[in-house]
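Residue-level listing of the chains:
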Amino acid sequence: NAGVMQNPRHLVRRRGQEARLRCSPMKGHSHVYWYRQLPEEGLKFMVYLQKENIIDESGMPKERFSAEFPKEGPSILRIQQVVRGDSAAYFCASAAGYQETQYFGPGTRLLVL
Amino acid sequence: KQEVTQIPAALSVPEGENLVLNCSFTDSAIYNLQWFRQDPGKGLTSLLLIQSSQREQTSGRLNASLDKSSGRSTLYIAASQPGDSATYLCAVNGLDTGFQKLVFGTGTRLLVSP
């Protein structure tokens, strides 16, 4: 019974490149949350998705960031034209349903040079 | 807007001590509160989840209490061990977020020395 999987675990990008972060939820979970942890700060909610739907993206920056959770395959958090301020740990959590306990993945640590 | 504060920001104790970590939140309309452990460079491990109708939860040497009306929770760790060294995060799932997202504190960094 694998937990939440995230890949890559570490990602290095140069300014202006694109970053794609993947999250495979726990088996049977159809709800995915993305959080960002900036250096020396707490985790901040970014987006909440269900299969093929964005439910709440109130924590997403208005530009360059997008997320999807297709019918098949992992959830993807995409950051276009990365800047140094995007360097952070990005965590994905999954849940079996609305208001159910969220289980966290190991995170992807993005470093923008 | 819900805000979560954790005190102290850092704590260093010798092995064997009992200790208390504090968490406070500004909006008492919460669905549940959760304590996590985060090891350096790792993900989050859920330790205890307290529903809003509950007063406390226990797991092994850990005990978490919740006083919703005053907006406070404490995590009590008995007989601390070096393996307890980590950052402890408190998070609430509240009415203002539509019960859909966790609001985290900035954590307490614990170091237990042998």
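Here, every reference points to the structure presented above.
Keep in mind that this is a model prediction, so the values were computed, not measured. (Residues numbered from 1 in each chain as written. Chains lettered and ligands numbered in written order. Predicted model: local features only at pLDDT ≥ 70, side-chain atom pairs only at ≥ 80, totals over all residues. Heavy atoms only, no water.)

**Student:** How should I be thinking about the side chain of Gln2 of chain B in this particular structure?
**Tutor:** Residues and elements named next belong to chain B. Relative to the assigned elements, Gln2 resides in the segment before strand S1 (4-7). Judged by its relative accessible area of 4%, Gln2 falls in the buried class. Side-chain polar atoms of Gln2 contact the backbone nitrogen of Thr26, separated by 3.0 Å. A distance of 2.9 Å separates a polar side-chain atom of Gln2 from the backbone nitrogen of Asp27. (Helix = DSSP H or I, 4+ residues; strand = E, 2+ residues; numbered from the N terminus. Buried < 20%, exposed > 50% of the residue type's maximum accessible area, 1.4 Å probe, protein only. Polar contact = N/O pair within 3.5 Å; in protein donor to acceptor, adjacent residues only side chain to side chain.)

**Student:** When you look at the packing of aromatic side chains in this model, what are you seeing that I'm missing?
**Tutor:** Each pair of aromatic rings is reported with the distance of its centres and the angle of its planes. On inspection of all chains with the given rule, the structure shows seven aromatic pairs over all chains. Ring centres 6.0 Å apart and planes at 85° place the aromatic pair Phe104 of chain A and Phe104 of chain B in the edge-to-face group. Residue Phe104 of chain A is located in strand S10 (residues 103-104), and its partner Phe104 of chain B is located in strand S10 (residues 102-104); the two belong to separate chains. Across the pair, exposure class does not vary: Phe104 of chain A and Phe104 of chain B are buried alike. (Phe/Tyr/Trp six-rings, centres within 6.5 Å; stacked < 30°, edge-to-face > 60°.)

**Student:** So what exactly am I meant to see when it comes to the pairing of strand S6 (residues 56-59) of chain B here?
**Tutor:** Each regular strand displays side chains that alternate between the two surfaces of the sheet. Residues and elements named next belong to chain B. Pairing between S6 and strand S7 (residues 62-67): four bridges, direction antiparallel. Within S7, the residue paired with Glu56 across the bridge is Ser65. What sits between S6 and S7 in their antiparallel hairpin is a turn of two residues, with Gly60 showing a positive phi close to 60°. (Pairing = 2+ DSSP bridges.)

**Student:** Explain the interface of chain A and chain B here, please?
**Tutor:** In many analyses, interface size is given as the accessible surface area lost on bringing the parts together. Across the contact, 21 residues belong to chain A and 19 residues belong to chain B. Of the roughly 1600 Å² buried between chain A and chain B on both sides combined, carbon and sulfur atoms contribute 50%. Three residues, Leu43, Gln99 and Phe104 of chain A, lead the burial of chain A against chain B; their summed loss comes to 32% of the area buried on that side. Here chain A and chain B share one salt bridge between them. Measuring nitrogen to oxygen at the nearest pair gives 3.2 Å for the salt bridge that ties Asp56 of chain A to Lys101 of chain B. Run the count over chain A and chain B and you get six residue pairs in polar contact (both at pLDDT 80 or more). (Contact = heavy atoms within 4.5 Å. Buried area = accessible area lost by both parts, 1.4 Å probe. Salt bridge = Lys/Arg side-chain N within 4 Å of Asp/Glu carboxyl O.)

In short, the description is geometric, and any link to function would need to be established separately.
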